[in-house]
Amino acid sequence: MDPAVAQLISLMPPPPLPPVIAPPWDEIEHAMGFRLPADYHDFINLYGEGQINQELSVFAPAYQTADRPSLTSLLDRSRWLKSIGFFEEFGPVPLDEYQTDPAVSDSVDLLMWGKTWHGDMFFWVAAGDDPAEWPIAVHLHHLDPGDRWRRFDGGMAECLTSVVDGSFAGAAKLIDANPGGAQWSRLRDWEHDYGKPPSAVFDQVVDEGDPYGPRVISGSPIPLHNYGYSGGDQAHFRSTGELRSLIGMDPTGTEIQLHGGSQSPGIAYFLYSTVDFGPKHLPGTVGVDLLRNGDRVASAAPDPTNLQRVCVAAEILVDAGAPATSVQLRVVADAVAQRHLRGSRLAWFAALRRARTPEISVESVYLRVKGTLRTA
């Protein structure tokens, strides 16, 4: 095994799914007319095609289709980018000092092997006839046009390792930080489509009568609105072809339900939330608790640079076959912070006595839930 892939395993273990069915490398490379790097072979043979933290996708070299394999999909993707003028639009491309491999450059000089959902792209620079020597070019979509290309002098597995361990400049922009570290979700191998891992996004319940959002009593859960689910139980999907959702919501709209799926040992869920409070009704000392089955697993207070915003994150592990786990966001406030109330001093003291459970305006809520098969 390539040493860089072995190092990556220690940082991001493969999920506990059956061994990957490797693609037919000889047929694929014969169809494309050139070899691919050995570390890429080792990576795909171990991890399959999938995503890191459901953000950075690594593509397989080819796909099965209904009637026949598509053996040149890796090359076809880059040919399409070249045909639409992508490389000219976001130049200068870092090819000046390289003599590209004629076998590749007849079709394209850059071969894309990865992409984030933000639009960042990872390429091999097909320099020379030895794919082990191909450096990496990364197109960072979040940077200004004309300054988006970065060169990485190492292989594909080394580049992924630098993203996972944070040493790659801008790694935080490429994959979201999970409390449990980098997690790999396998989407498919040569013979199996596992379906997407579970994920969901929730936002606030709109209150048309209050421009600062619905008012929530301190100590109460925040009402949530489901923005959309995707994915589900990958192991169940693989064996039955049926997509079974692992994330749900109870009828009250204040409780999210997380299921552990059918593949042992279960699902690791990563939750990240931002809550903005209305300035008019902000009690001053306010925070957010994240509850699991009624018990607090994480809490946060406002960022000193933005007293209206609170960010909270947690990892929640749910065992396979276990009852659904309940998750809620709860607002908490310090009653003494009601000094913003207007009126006479007597009225202020009266309000203070009543403020053991103050109302808090929740201006906006964003909660993202991402699940992946646990490795232990």
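Every value quoted in this text rests on a predicted model; they were computed, and no experiment measured them.

Engineer: Please explain the packing of helix α3 (residues 38-47) against helix α7 (residues 156-164) as it appears in this structure.
Structural biologist: A pair of packed helices is captured by two measures, namely the crossing angle of their axes and the spacing between those axes. Contact geometry of α3 with α7 gives a least axis separation of 7 Å together with a crossing angle of 60°. One finds that α3 runs oblique with respect to α7. The residues of α7 that touch α3, namely those facing D39, Y40 and F43, are M156, A157 and L160.

Engineer: Whenever I open this one, the packing of aromatic side chains confuses me. Can you help?
Structural biologist: Under the counting rule described, the total for this entry stands at 12 aromatic pairs. When the centroid spacing of 5.7 Å and the interplanar angle of 80° are considered together, the rings of W25 and Y40 count as edge-to-face. Residue W25 is located in helix α2 (residues 25-32), and its partner Y40 is located in helix α3; the two are separated by 15 residues in the primary sequence. Judged by centre distance (6.1 Å) and plane angle (45°), the ring pair of W113 and W124 falls under tilted. In this pair, W113 is assigned in strand β5 (residues 110-116) and W124 in strand β6 (residues 121-125), connecting sequence segments 11 residues apart. Pair check on accessibility: W113 and W124 agree, each one buried. Taken together, the aromatic side chains of W25, F34, Y40, W113, F122, W124 and W134 make up a single cluster linked through ring pairs. The aromatic ring of F59 is capped on one face by R77, whose charged end is 3.9 Å from the ring centroid.

Engineer: Would you take a moment to explain empty space enclosed by the protein for this structure?
Structural biologist: Once rolled over the atoms, a probe with the size of a water molecule shows which space is left empty. Scanning the entire structure with this criterion turns up 1 cavity of 30 Å³ or more. Taken as a whole, the largest cavity holds about 40 Å³ of empty space. Forming the boundary of the largest cavity are N53, Q54, N178, Q183, S185, F270, K370, G371 and T372. Looking at the lining of the largest cavity, the element that brings in the most residues is strand β20 (residues 359-373), giving 3 residues. A per-class count over the lining of the largest cavity returns 1 nonpolar, 7 polar and 1 charged.

Engineer: Looking at this structure, I do not really get the side chain of H41. What am I missing?
Structural biologist: Relative to the helices and strands, H41 resides in helix α3. Note on H41: relative accessible area 16%, which makes it buried. Polar contacts involving the side chain of H41 include one to the side chain of E29, which spans 2.7 Å. The contact partners of H41, leaving out residues within four places of it in the chain, are W25, E29 and L36.

Engineer: What should I look at first to understand the packing of helix α1 (residues 3-11) against α7 in this one?
Structural biologist: The contact between α1 and α7 brings their axes to 8 Å, and the two run at 25°. Here α1 lies roughly parallel to α7, going by the angle between them. Of the two elements, α1 crosses α7, and the hand of that crossing is left-handed. The segment α1 lies against α7, with A4, V5, Q7, L8 and L11 engaging A157, E158, L160, T161 and V164.

Engineer: In this structure, what is going on with the pattern of salt bridges? I would like to understand it.
Structural biologist: Side chains bearing opposite charge may pair, as long as their charged atoms lie close to each other. If you walk through the whole model with that rule in mind, you get 10 salt bridges. Between E55 and K370 there is a salt bridge, with the nearest N and O atoms lying 3.6 Å from each other. A residue pair is termed long-range when its members are at least 10 positions apart, and E55 in the loop between β1 (49-52) and β2 (56-58) and K370 in strand β20 qualify at 315 residues. On the basis of relative accessible area, E55 is assigned to the buried category, the value being 1%. Of the charged contacts in the structure, one is a salt bridge between R296 and D289, with a shortest N-O distance of 3.9 Å.

Engineer: What am I meant to see in the sheet that holds strand β14 (residues 256-258) here?
Structural biologist: Strands in a sheet are paired, the pairing made by backbone hydrogen bonds, and the direction either parallel or antiparallel. The strand order across the open sheet built from 5 strands is β13-β14-β19-β16-β17, with neighbouring strands paired in antiparallel fashion. Two strands bound the open sheet, and with one partner strand each, they are β13 (247-249) and β17 (295-300). With direction set aside, neighbouring strand axes in the sheet form an average angle of 30°. As paired elements, strand β16 (residues 286-292) and strand β19 (residues 325-333) share 7 bridges and run antiparallel to each other. Across the sheet, V288 pairs through a bridge with V331, a residue of β19.

Engineer: I would appreciate a short explanation of the pairing of β6 in the present structure.
Structural biologist: Each regular strand shows side chains that alternate between the opposite faces of the sheet. Counting buried positions along β6 yields 5 of 5 residues, so the element is predominantly enclosed. Residue alternation in β6 divides its side chains into two sets, M121, F123 and V125 and F122 and W124, and both sets are buried. Looking at chain direction, β5 and β6 are connected through 5 bridges and run antiparallel. What sits directly across from M112, in β6, is F123. In this antiparallel pair of consecutive strands, β5 and β6, the connection spans 4 residues, and G119 shows a positive phi of 105°.

Engineer: How should the nonpolar core be read in this particular structure?
Structural biologist: If you look at soluble globular proteins, the nonpolar side chains tend to sit buried side by side. Judged by nonpolar contacts, the single largest core of 57 residues is most densely connected at F43 and W124. When residues in this core are grouped by element, the largest group, 6 residues, is from α7. Setting aside anything within four residues of it in sequence, one finds W124 in contact with L36, P37, Y40, L74, D109, L110, L111, W113, W134, P135, I136 and M156. Within the second largest apolar cluster, 35 residues are counted, among which are L224, V288, A298 and L329.

Calculation rules
Residues numbered from 1 in each chain as written. Predicted model: local features only at pLDDT ≥ 70, side-chain atom pairs only at ≥ 80, totals over all residues. Heavy atoms only, no water. Axes fitted to C-alpha atoms, helices over the stretch in contact; angles between N-to-C directions. Helix = DSSP H or I, 4+ residues; strand = E, 2+ residues; numbered from the N terminus. Parallel < 35°, antiparallel > 145°, perpendicular 65-115°, else oblique. Contact = heavy atoms within 4.5 Å. Phe/Tyr/Trp six-rings, centres within 6.5 Å; stacked < 30°, edge-to-face > 60°. Buried < 20%, exposed > 50% of the residue type's maximum accessible area, 1.4 Å probe, protein only. Lys NZ or Arg CZ within 6 Å of the ring centre and 35° of its normal. 1 Å grid on protein atoms, 1.4 Å probe; cavity = no way out; pocket = protein on both sides within 12 Å on 5 of 7 lines; lining within 4 Å. Points joined across faces, edges and corners; volume = space filled by probe spheres on them. Nonpolar A, V, L, I, M, F, W, Y, C, P; charged D, E, K, R; others polar. Polar contact = N/O pair within 3.5 Å; in protein donor to acceptor, adjacent residues only side chain to side chain. Left-handed = near helix turned anticlockwise from the far one by under 90°. Salt bridge = Lys/Arg side-chain N within 4 Å of Asp/Glu carboxyl O. Pairing = 2+ DSSP bridges. Core = buried A, V, L, I, M, F, W, Y, C linked by side-chain atoms within 4.5 Å.

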